[in-house]
Amino acid sequence: MKKVKLGLVIFVLSVFAALAGCSKGSEETSGKSGGSVETVEIGVVLATSGPIAQTGTWVLDGHKAAEKEINDNGGFKVGDKTYKVKIVQYDSEGRAESATAATEKLINQDKVPVILGTSISSETAAMIPIAQRAKTPLITFVAASDILTAQGASFFSQAAPANKNYVEAGTKTMKDMEMKNIAFIYVDDAWGQSYGKLYPPAMEEKGLKIVATEKFAPEQKEFMTMLNKVKAKNPDGIVLAAETELAVPLLKQLHEVMPDVKIMESGGSIPEELIKVAPDAVNGLVTLSRAGAVTPEITKFQELFAKSNSYKANSFNYSGYDGIHFIVDAMQRAGTVTDKEKINKAIRDAKYKGLIGTYSFNEKGENSLVGNRAIIKDGKVIYQTVNEPLPK
Amino acid sequence: MLKIENLQVHYDKVQVIHDVSLEVNEGEIVTLIGSNGAGKTTLLRTISGIKRASGGSITFMGEPIHQMTSHKIVEMGIGHVPEGRHVFPDMSVYENLQMGAFRRKDSQAAIKKDLEHIFDLFPRLKERSQQMAGTMSGGEQQMLAIGRAIMAKPKLFLFDEPSLGIAPIIVAEIFKMIKKMNEEGSTILLVEQNANAALKISDRAYILETGKIGLEGQSSDLLNDDRVRKIYLGF
Amino acid sequence: MGDQIIQSILDGLVSGSIYGLMAIGFTLVFGIMHVINLAHGELYMLGAFTTFIMVGVYQINFFVAILAAMLIVGGLGFLIERYIFRPLRNTAMLNTLLASIGLSIFISNLVLKIAGTGMRSIPTPFSDKSFTIIGATISTHRLMVLLLTALLVAVLFWVIKFTKFGRSLRATSQDQDASALMGVNINLTYGLVFAISAGMAAMAGGLIGSLYVVDPTMGLGPGLKAFIIVILGGMGSVVGAIVGAFVMGYAETFTSLFWAASYQDLVGYILLILVLLLKPNGLFGGAKR
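- In the nomenclature of an unreviewed UniProt entry, chain B is known as ABC transporter ATP-binding protein of Neobacillus rhizophilus.
- Here is the UniProt Sequence similarities (unreviewed entry) comment for chain B, exactly as written: "Belongs to the ABC transporter superfamily."

- The name given to chain A in an unreviewed UniProt entry is ABC transporter substrate-binding protein, with Neobacillus rhizophilus as the source organism.
- You can read under Sequence similarities (unreviewed entry) in the UniProt record for chain A the words "Belongs to the leucine-binding protein family."

In structure tokens:
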């Protein structure tokens, strides 16, 4: 009997340790500080565990940087009242079920006036109907699939540079890189599938020839057979759509199989991280990027970010930072921190200039952010618009 | 040689052995008789260190062994032929015998010589030395179990129901073997339900009744004891 | 197409040996101790992290680092057996199963807490050179994985089949009490088996982790895959684990070749279900016990 109990004790202890390990974004915010200052809770759903956890973590760090900045400056004003910001974040684990559960919780329990999330299109797609039904504004700064706005939900707005907008920059870049026979490889999730649909006609129109199309699962780490199959088609260029977490093993193995091929990644990866993790495999790689050339605002943010983080800010951090400021701006223009319909209207009417561009929406909730690009060259990243010539 | 004093053994909260004391002297065959569930097997398992005593003591060659782990007890010189043979079913006869010599530290040649000796004792095992032990008959497995125990060269043998589930003709052979081992110098503690055969080959005997020693004495006396005859010999 | 099939045969061989490295350790622990260790993948992750720290941070030789990772994680495995699984021995299997789930959550979150979510990569000494064998190419690194796995499996088989220690392992898996009566030190044997299993997982982590990415959750997939392969091959059977690993490796490779890489896992699960329907004890699982 004693032995059975010990087993249970170990189990329970482990579960506690696990729970302690899952950090909740809200833990360090101190709630209400002064008598007159109230706190506005902003709901955040992001995958900080699961196969694409890194991206979500980056966005969350961006959110937190904005939260800290606003609160350190004494909060923000709506009318004559001052509010502090508090992020209430739940981990969606890369699974649509967790994302919807988190959405329900934020709406019904935490009663947040607005939700930001997520970094994964398939998760976000599942959250939209819930937000729409509860008339709670939902806005994503990262998920880029065109299926999101296709739902036609009036309470959802896509503030991530959409794949639709990226395809233009993508085909232009392929031309600039002088790719002729292209192998197109994408992750088989909602975001990748959207490229799977958007790229082929756009490439055909530009006279770019696709010699192979392959898709892989987000959990996948082993790509040898797929890559050898692609290699047999003798492509001179590879177009990838892969989140950083998946791009790293893929690029490493691509380097094993086809060390000399030209590669363009379509905006899922952070070039700085690629250099850090797979320096040998990524030289010459071009990624589409939400961020363009470095502006003074970006430099300022990078300095701010460096104070509380141990890594250099990347463009997903920019989006996360923009997200909180964007919401604060919308609340100020709406003149309320609680009226969800008014806040949603303010979101849709926005013309907010953030780090990665100016956020504004059409009646479908689509934005007009364009794709820029980043070139990895000799361990450095060069950001530019697609209208500039590629660095030699 | 082996001295058990006031031994107590529990399974969870149920006490199986109550205050048992017994002794085996060098060169003896001592029989432990008792009905099913009297605690005979538990007693042997406790001597071998598979089961822990909750009270009392077991001394072997003057050293207390009731706190020792089973492999140390094997090293001390106690060989246990368990109830139901417990040969290693997916190992060959040869490998089973090698397992018997697991704790021996003398030369490969000496072990080899003893293996030949076992094959002389049980020619049947030699014929089947490459056969998987699990595929043999009960009698053959019993011979193997005995041979395996001999391979360890123990000073004291514990036999647990060697006649259980075995053809009568082989039972006789096995009892003859036990007697012969004793004559060649081995000390033996024999647990048996077949009281008649056991009492006939042993020097002394104990009768275990629901975890307590009910009766003890010379085997020849017990063989003629009315109560023993009635309960255990079925006359 | 012919060339591609030869290439896929080679690719499948590599994936099969990668899986085998994980599955053998998993099946050893089950076969001998009757413990389903769902923390096996976390030991793989620890192996990768240990190798990463030694190679990436302290610039120790890659092979030395892997050997050291095997010893360190193996030692940890010994302690895990001693302090977590030994107290639960001879209780219901559910207890050890739950304890291993707890352990897995604990280890991965502990590493997550210490190291953060960031990705890491183990620098390897292998050149970009690749070898061509009858039309199929293989990189130096993968060739090394293949050879080291083959070597390890050969040594393991030899130990199990022909040494006294190996004999005691087989004896203990067949009959724990009888082995104890033969003088086998059961506690030590269990500890060593767990250490060997953990050491093999660590080796896999160091070797394979350097092909992929090192992060605190990297063990989840390979751990689960090892479990599936062991069920496929027959719980507790080392031969079953190896055959299961290659069956899985080839099923995935050919799915990728003839269909799409993203259906690999799906086919793996279908295969498992089919095998279990036809042979409920797995390919090499006897109906015994």
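**Observations regarding the overall build of chain A**
Phase 1 of the analysis: Tallying secondary structure elements over chain A gives 13 helices and 15 strands in all.
Phase 2 of the analysis: Taking 2.2 N^0.38 as the reference for a compact globule, 392 residues should give roughly 21 Å; the C-alpha atoms of chain A span a radius of gyration of 22 Å, in line with that estimate.
Phase 3 of the analysis: Overall size of chain A, expressed as C-alpha extent along the three principal axes, is 65 × 65 × 40 Å.
Phase 4 of the analysis: Looking at chain A residue by residue over its 392 residues, the buried ones come to 55%.
Phase 5 of the analysis: Within chain A, counting contacts between residues at least 6 apart in sequence, those at least 24 apart form 70% of the total.

**Some details on the overall build of chain B**
Phase 1 of the analysis: When you go through chain B residue by residue, the secondary structure sums to 10 helices and 10 strands.
Phase 2 of the analysis: The C-alpha atoms of chain B give a radius of gyration of 17 Å, which matches the 18 Å a tight globule of 235 residues would have.
Phase 3 of the analysis: In terms of its C-alpha atoms, chain B occupies a principal-axis envelope of roughly 45 × 40 × 30 Å.
Phase 4 of the analysis: Residues classed as buried in chain B amount to 45% of the 235 residues present.
Phase 5 of the analysis: Looking at chain B alone, contacts between residues at least 24 apart form 67% of all its contacts between residues at least 6 apart.

**Quick notes on the interface of chain A and chain C**
Phase 1 of the analysis: Tallying the contact residues gives 41 residues for chain A and 42 residues for chain C.
Phase 2 of the analysis: Going through the elements one at a time, helix H1 (2–21), helix H2 (53–72), strand E8 (209–216), helix H8 (224–231), helix H9 (244–257) and helix H10 (271–277) of chain A are the ones with two or more residues in the side of chain A that touches chain C.
Phase 3 of the analysis: It is H1 of chain A that contributes the most residues to the side of chain A that touches chain C, 11 residues altogether.
Phase 4 of the analysis: Looking at the side of chain A that touches chain C, its residues break down into 19 nonpolar, 10 polar and 12 charged.

**Regarding the domain arrangement of chain A**
All names here are of chain A.
Phase 1 of the analysis: For chain A, the assigned domains read domain 1 (36–161 + 296–359) and domain 2 (164–289 + 372–384).
Phase 2 of the analysis: Facing 18 residues of domain 1, the contacting portion of domain 2 comprises 17 residues.
Phase 3 of the analysis: Among the secondary structure elements, those contributing two or more residues to the side of domain 1 that touches domain 2 are H2, helix H4 (121–133) and helix H12 (315–334).
Phase 4 of the analysis: In terms of residue count, H4 provides more of the side of domain 1 that touches domain 2 than any other element does, 3 residues in total.
Phase 5 of the analysis: The residue inventory of the side of domain 1 that touches domain 2, partitioned by class, reads 9 nonpolar, 7 polar and 2 charged.

**Examining the interface of chain C and chain B**
Phase 1 of the analysis: Taken together, the contact pairs 14 residues of chain C with 20 residues of chain B.
Phase 2 of the analysis: Among the secondary structure elements, those contributing two or more residues to the side of chain C that touches chain B are helix H6 (164–174) and helix H7 (176–181) of chain C.
Phase 3 of the analysis: With 5 residues, H6 of chain C is the largest single contributor of residues to the side of chain C that touches chain B.
Phase 4 of the analysis: Grouping the constituent residues of the side of chain C that touches chain B by class yields 6 nonpolar, 4 polar and 4 charged.

**Considerations on the packing of helix H3 (residues 62–85) of chain C against helix H8 (residues 186–209) of chain C**
Residue and element names in this part refer to chain C.
Phase 1 of the analysis: One can describe the packing of H3 onto H8 by two numbers: an axis separation of 7 Å at closest approach and a directional angle of 140 degrees. In the packing of H3 onto H8, the handedness of the crossing is right-handed.
Phase 2 of the analysis: A breakdown of the residues in the contact of H3 with H8 according to their chemical character gives 17 nonpolar, 7 polar and 2 charged.

**A look at the nonpolar core**
Phase 1 of the analysis: Within the largest apolar cluster, 277 residues are counted, with the highest numbers of intra-cluster contacts made by Ile-42 and Leu-274 of chain A together with Ala-23, Val-193 and Val-230 of chain C.
Phase 2 of the analysis: Each of domain 1 (36–161 + 296–359) and domain 2 (164–289 + 372–384) of chain A accounts for three or more of the residues forming this core.

**Some thoughts on the environment of Val-386 of chain A**
Residue and element names in this part refer to chain A.
Phase 1 of the analysis: In this structure, Val-386 sits in the segment after strand E15 (380–384).
Phase 2 of the analysis: C-beta crowding within 10 Å serves as the criterion here: with 19 such atoms nearby, Val-386 is assigned to the partly exposed category.
Phase 3 of the analysis: Between the C-alpha atom of Val-386 and that of Leu-246, which follows or precedes it by 140 residues, the distance is 25 Å.
Phase 4 of the analysis: With near-sequence residues (within four places) excluded, Val-386 lies in contact with Ala-169, Lys-172, Thr-173, Gly-371, Asn-372 and Arg-373.

**A look at helix H7 (residues 168–183) of chain B**
The periodicity of an α-helix, 3.6 residues per turn, causes residues three or four places apart in sequence to face the same way.
Phase 1 of the analysis: Given a rise of 1.5 Å per residue, 16 residues ought to cover 22 Å, and the 23 Å separating the end C-alpha atoms of H7 of chain B matches this to within 8%.
Phase 2 of the analysis: Immediately downstream of H7 of chain B, the backbone of Gly-185 of chain B shows phi near 115 degrees, a positive value.

**Some details on the environment of Gly-292 of chain A**
All names here are of chain A.
Phase 1 of the analysis: Following the sequence through the fold, Gly-292 ends up in the loop between strand E11 (286–289) and helix H11 (296–308).
Phase 2 of the analysis: A residue is classified by how many C-beta atoms lie within 10 Å of it, and Gly-292, with 21 of them, is buried.
Phase 3 of the analysis: Measuring from C-alpha to C-alpha, the distance between Gly-292 and Tyr-166 comes to 13 Å, with 126 residues separating the pair along the chain.
Phase 4 of the analysis: Gly-292 has contacts with Asn-372, Tyr-383, Gln-384 and Thr-385, leaving out every residue within four places of it along the chain.

**Structural notes on the sheet that holds strand E8 (residues 187–192) of chain B**
Residue and element names in this part refer to chain B.
Phase 1 of the analysis: One open sheet holds the 6 strands; their spatial order is E6-E7-E8-E3-E9-E10, and the pairing between them is mixed. This sheet does not close on itself; its edge strands, each paired only once, are strand E6 (78–81) and strand E10 (212–218). The average undirected angle you get between the axes of adjacent strands in this sheet is 15 degrees.
Phase 2 of the analysis: As judged from the 6 bridges shared by strand E9 (residues 204–209) and E10, these two strands associate in the antiparallel manner. Paired with Ile-207 across the bridge in E10 is Leu-215.
Phase 3 of the analysis: Contacts from helix H1 (residues 40–47) reach strand E3 (29–33), E6, strand E7 (156–160), E8 and E9, with the element oriented near 150 degrees to E7.
Phase 4 of the analysis: Against the sheet, H7 makes contact with E3, E7 and E8, and its axis sits at roughly 155 degrees relative to E8, the strand it touches most.

**Structural notes on the pairing of E15 of chain A**
Residue and element names in this part refer to chain A.
Phase 1 of the analysis: Here strand E14 (residues 372–377) runs beside E15; their pairing, made up of 5 bridges, is antiparallel. What sits directly across from Arg-373, in E15, is Gln-384.
Phase 2 of the analysis: Adjacent in sequence and paired antiparallel, E14 and E15 are bridged by 2 residues, among which Asp-378 carries a positive phi angle near 50 degrees.

**Quick notes on the confidence of the model for chain A**
The predicted structure's coordinates, where accompanied by low pLDDT, should not be read in detail.
Phase 1 of the analysis: With 91% of its residues at a pLDDT of 70 or more, chain A has an overall mean of 88.
Phase 2 of the analysis: Counting contacts from residues 17–34 of chain A, a segment whose pLDDT is below 50, to residues more than four positions away or on other chains yields 28 contacts.

**With respect to the packing of H8 of chain A against helix H10 (residues 238–258) of chain C**
Phase 1 of the analysis: At their nearest, the axes of H8 of chain A and H10 of chain C sit 8 Å apart, and the two run at 30 degrees to each other. Judged on the interaxial angle alone, H10 of chain C and H8 of chain A are roughly parallel. By crossing handedness, the relation of H8 of chain A to H10 of chain C is classed as right-handed. Along its contact with H8 of chain A, which presents Thr-225, Met-226 and Lys-229 of chain A, the element H10 of chain C presents Thr-253, Ser-256 and Leu-257 of chain C.

Procedures and definitions
- Residues numbered from 1 in each chain as written.
- Chains lettered and ligands numbered in written order.
- Predicted model: local features only at pLDDT ≥ 70, side-chain atom pairs only at ≥ 80, totals over all residues.
- UniProt positions renumbered as here; feature names shortened; annotations may be inferred.
- Helix = DSSP H or I, 4+ residues; strand = E, 2+ residues; numbered from the N terminus.
- Rg over C-alpha atoms; globule rule 2.2 N^0.38 Å.
- Buried ≥ 20, exposed ≤ 12 C-beta atoms within 10 Å, placed from the backbone.
- Contact = placed C-beta atoms within 7 Å.
- Nonpolar A, V, L, I, M, F, W, Y, C, P; charged D, E, K, R; others polar.
- Domains from an automatic or database assignment.
- Axes fitted to C-alpha atoms, helices over the stretch in contact; angles between N-to-C directions.
- Left-handed = near helix turned anticlockwise from the far one by under 90°.
- Core = buried A, V, L, I, M, F, W, Y, C linked by C-beta atoms within 7 Å.
- Expected span 1.5 Å × (residues − 1).
- Pairing = 2+ DSSP bridges.
- pLDDT = per-residue confidence, 0-100.
- Parallel < 35°, antiparallel > 145°, perpendicular 65-115°, else oblique.

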